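# Notes for the structure review
What follows is the residue order along each chain.
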Amino acid sequence: MDNTLFDKTITCPYCWENFSIFIEPSSEVGESYIEDCYVCCRPIEIYVASKYDDFVDIRVNRIEGNEF
Ligand SMILES: [Zn+2]
């Protein structure tokens, strides 16, 4: 089992800054989890849309009702 973390660049849905996050290789398609923006520190929902051997496709969403 390769446990290398997936490195993905995402755009924060709040402040629109780009930054890299690491996706756990154990993440399953359809899973989502919360990652704080490295720039504005607001919580972003990371949704795993699809996954291949060395590639993972993610979606980012705002957490509604948790606006600062
Ligand atoms: Zn941000």
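Summary of the structure given here. (Residues numbered from 1 in each chain as written. Predicted model: local features only at pLDDT ≥ 70, side-chain atom pairs only at ≥ 80, totals over all residues.)

## Digging into the overall build of the chain
When its secondary structure is counted, the chain shows zero helices and five strands. Traced from its N-terminal end to its C-terminal end, the chain shows the element sequence β-β-β-β-β. Across the 68 residues in the chain, those meeting the buried criterion constitute 3%. Taking the contacts inside the chain whose residues are at least 6 apart along the sequence as the reference set, 28% of them involve residues at least 24 apart. (Helix = DSSP H or I, 4+ residues; strand = E, 2+ residues; numbered from the N terminus. Buried ≥ 20, exposed ≤ 12 C-beta atoms within 10 Å, placed from the backbone. Contact = placed C-beta atoms within 7 Å.)

## Looking at the environment of E64
Within the fold, E64 resides in the segment after β5 (56-62). You can call E64 exposed: it has 7 C-beta atoms within 10 Å. E64 sits 20 residues away from I44 along the chain, and the two C-alpha atoms are 9.8 Å apart.

## Side note on unusual backbone geometry
Non-glycine residue W16 carries a positive phi angle of around 65°. If you trace the backbone, W16 turns up in the loop between β1 (6-11) and β2 (18-23). Non-glycine residue C41 carries a positive phi angle of around 70°. Relative to the elements of secondary structure, C41 occurs in the loop between β3 (32-36) and β4 (43-51). What makes C41 exposed here is the crowd of 11 C-beta atoms within 10 Å.

## Here's the deal with the pairing of β3
Walk down a regular strand and you will see the side chains alternate between the two sheet faces. Taken across its five residues, β3 has zero buried, putting it largely on the surface. Strand direction decides the pairing type here: β3 and β4, joined by five bridges, are antiparallel. Within the sheet, the bridge partner assigned to E35 lies in β4 and is I44. Connecting β3 to the next strand, β4, in antiparallel fashion are six residues, including C41 with a positive phi near 70°. (Pairing = 2+ DSSP bridges.)

Geometric values such as these leave the question of function open.
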